[in-house]
Each structure stands twice: as structure tokens, then as C-alpha cells.
Amino acid sequence: MKLDVTTFDGGSAGSVDLSDEIFGLEPRQDLIQRYVLWQLAKRQAGTHKTKGRAEIWRTGKKLYKQKGSGNARHGSARVPQFRGGGRAFGPVVRSHAHDLPKKVRALALRHALSAKARDNAIVVVDQASAADPKTKALRERFGKLGLASVLVIDGAEVNANFALAARNIPNVDVLPVQGINVYDIIRREKLVLTKAAVDALEARFK
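Residues numbered from 1 in each chain as written. Predicted model: local features only at pLDDT ≥ 70, side-chain atom pairs only at ≥ 80, totals over all residues. Heavy atoms only, no water.

- Under an unreviewed UniProt entry, the name given to the protein is Large ribosomal subunit protein uL4, and the organism recorded is Alsobacter ponti.
- As stated in UniProt under Sequence similarities (unreviewed entry), the record for the protein gives "Belongs to the universal ribosomal protein uL4 family." (UniProt positions renumbered as here; feature names shortened; annotations may be inferred.)

1. Things to note about the overall build of the protein
Then comes step 1: Of the regular secondary structure elements, the protein holds seven helices and six strands.
Then comes step 2: The order of helices and strands in the protein, counted from the N terminus, is β-β-α-α-α-β-α-β-α-β-α-β-α.
Then comes step 3: Over its C-alpha trace the protein gives a radius of gyration of 27 Å, far above what one expects of a compact globule, namely 17 Å for 206 residues.
Then comes step 4: Along the three orthogonal principal directions, the C-alpha set of the protein runs to about 90 × 40 × 25 Å.
Then comes step 5: Expressed as a percentage of its 206 residues, the buried residues of the protein come to 37%.
Then comes step 6: Sequence-distant contacts, at least 24 apart, represent 70% of the contacts inside the protein between residues at least 6 apart.
Then comes step 7: Per element, the accessible surface of the protein, about 12600 Å² overall, is 49% carbon and sulfur.
Then comes step 8: For the protein, the distance from the average site of its 36 positive side-chain charges to the average site of its 20 negative ones is 22 Å. (Helix = DSSP H or I, 4+ residues; strand = E, 2+ residues; numbered from the N terminus. Rg over C-alpha atoms; globule rule 2.2 N^0.38 Å. Buried < 20%, exposed > 50% of the residue type's maximum accessible area, 1.4 Å probe, protein only. Contact = heavy atoms within 4.5 Å. Areas by Shrake-Rupley, 256 points an atom, 1.4 Å probe, with all protein chains shown as cover. Lys, Arg positive; Asp, Glu negative; His and termini not counted. Charge placed at Lys NZ, Arg CZ, Asp CG, Glu CD.)

2. Structural notes on the pattern of salt bridges
Between side chains of opposite charge, a pair can form when the charged atoms approach closely.
Then comes step 1: Counted under the stated rule, the structure contains six salt bridges.
Then comes step 2: Taking the shortest distance from any N to any O, the salt bridge between arginine 187 and aspartate 173 comes out at 3.2 Å. In this pair, arginine 187 is assigned in helix α6 (residues 182–187) and aspartate 173 in strand β5 (residues 172–175), connecting sequence segments 14 residues apart.
Then comes step 3: Residue arginine 187 is classed as partly exposed on the basis of its relative accessible area of 39%.
Then comes step 4: Within this structure, Asp173, Asp184, Arg187 and Arg188 form a network of salt bridges that share partners. (Salt bridge = Lys/Arg side-chain N within 4 Å of Asp/Glu carboxyl O.)

3. Some thoughts on helix α3 (residues 102–118)
Then comes step 1: Here α3 is 17 residues long and its end C-alpha atoms lie 24 Å apart, about the 24 Å a rise of 1.5 Å per residue gives.
Then comes step 2: Where α3 is buried, its residues meet α1 (20–23), α2 (29–42), β3 (122–125), α6, β6 (190–194) and α7 (195–204).
Then comes step 3: Taken from the residues just after α3, asparagine 120 is the one with a positive phi, measuring 55°. (Expected span 1.5 Å × (residues − 1).)

4. Examining unusual backbone geometry
Then comes step 1: Phi angles above zero are rare outside glycine, and asparagine 120 is one such case at about 55°.
Then comes step 2: Of note, asparagine 120 is situated in the loop between α3 and β3.
Then comes step 3: On the basis of relative accessibility, which here comes to 64%, the residue asparagine 120 falls in the exposed class.
Then comes step 4: With phi around 60°, asparagine 171 is a residue other than glycine that occupies positive phi space.
Then comes step 5: Looking at the element boundaries, asparagine 171 is found in the loop between α5 (160–166) and β5.
Then comes step 6: Residue asparagine 171 is classed as partly exposed on the basis of its relative accessible area, which comes to 43%.

Here you go:
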């Protein structure tokens with residue numbers, strides 16, 4: 001697959017050949033969904049917590065005698081049906097993460113890239129850099145390319161000025177190639193890859 005390489009100023013910078021093994025697959029939604037669910041579950045904090053009846057600081061003495069009072073039969077005041085009692089089956093601190101094989105994760109990433117390629121939603125640029133960390137100037141450069149919702153993937157290191165200028169623009173994410181993931185690819189309309197990112201991806205999946 002051949003794509004034209006452009007610049008953020010709208011100029012031409014040649015062309016690049018994209019590997020069909022990475023960008024030319026028939027996308028499988030089931031693999032992409034499995035990866036997204038794995039990623040979202042893994043980033044959940046799992047720190048929500050309520051107190052059960054064993055953790056409530058309240059007397060465990062029987063409220064009143066079992067029979068003869070005309071009231072319902074009750075024992076401890078720490079049970080869930082009383083105000084101030086423990087929560088029944090409440091959330092506890094735990095990890096929401098589950099396993100997903102490494103090969104499945106790699107395959108899902110390739111299918112996500114192929115889905116963007118099939119939708120003509122991949123833009124290849126020569127480099128992602130900025131002379132000054134100016135958000136207004138970078139927004140104008142994005143406007144020239146018609147980029148409103150975009151994920152920018154650079155090489156091993158992201159240009160500091162470019163990252164600073166982009167972080168204040170809504171719906172724009174900038175990541176190094178090591179941080180590329182299915183969820184961020186899917187949640188943005190366009191995927192912008194630098195030539196360094198393309199080379200790194202092809203070396204990674206070789």
C-alpha cells in the first residue's frame with residue numbers, strides 16, 4: 001500500500017510503502033473489542049470500597065428480646081437493613097484487570113491499523129515538530145490538513161515543543177510509537193504517523 005507523505009504545512013514530501021501485513025488486513029471487530037475491553041479494565045483503579053457489617057463500629061448486642069415485643073426479630077444493629085449498618089455485597093478494593101495473550105494484543109493492534117487504512121484515515125507526515133510551543137500556530141497547521149480529531153504517533157521520542165503545543169487542543173493526542181494502542185487509535189477519527197513511526201512499526205512486526 002502506497003501513501004503520499006505530507007508535511008504539517010500542507011506540502012508534499014514524497015511517498016511511503018506501507019506493509020500489507022500491518023495495514024492491509026481485513027479488520028476483525030472481535031479482536032479490536034477484546035483489546036479495548038482489556039485496556040479499559042486494566043486502567044480501572046478498583047479503589048471503590050464500602051463497609052460490610054463486620055467493619056461497622058456498633059454494638060452487636062441483641063436489640064431486644066426475641067419474642068413478646070411485637071416487633072420483628074432482630075439481632076445485631078450492624079446488619080444492612082438498619083440506618084448506619086453495613087452494606088450488603090458492596091464493592092471492595094480489587095483489580096479489574098484480566099489476561100489477554102501478547103500475540104492477541106499484537107494482532108489486535110495490526111487490525112486497528114488496518115481498519116484506519118481501509119477507511120482512508122491514515123495520514124503520513126515527514127516529521128512532527130514545532131519551532132515554538134505555540135498552540136495557535138499548531139491549530140492552524142492542523143486546520144490546513146483538515147485534522148480535528150487526531151492521534152499523532154511519532155518516533156521513539158516526541159518533539160517537546162510539538163507536544164506542549166498540542167496538549168491544549170481538544171481531541172488531539174500525541175504519543176511516542178511505544179505508546180501506540182488500539183483504544184486511542186479507535187477513539188480518534190484520523191491517525192497521523194510520522195515516517196519514523198512507520199519504520200518503527202514495521203520493525204516491530206517484522
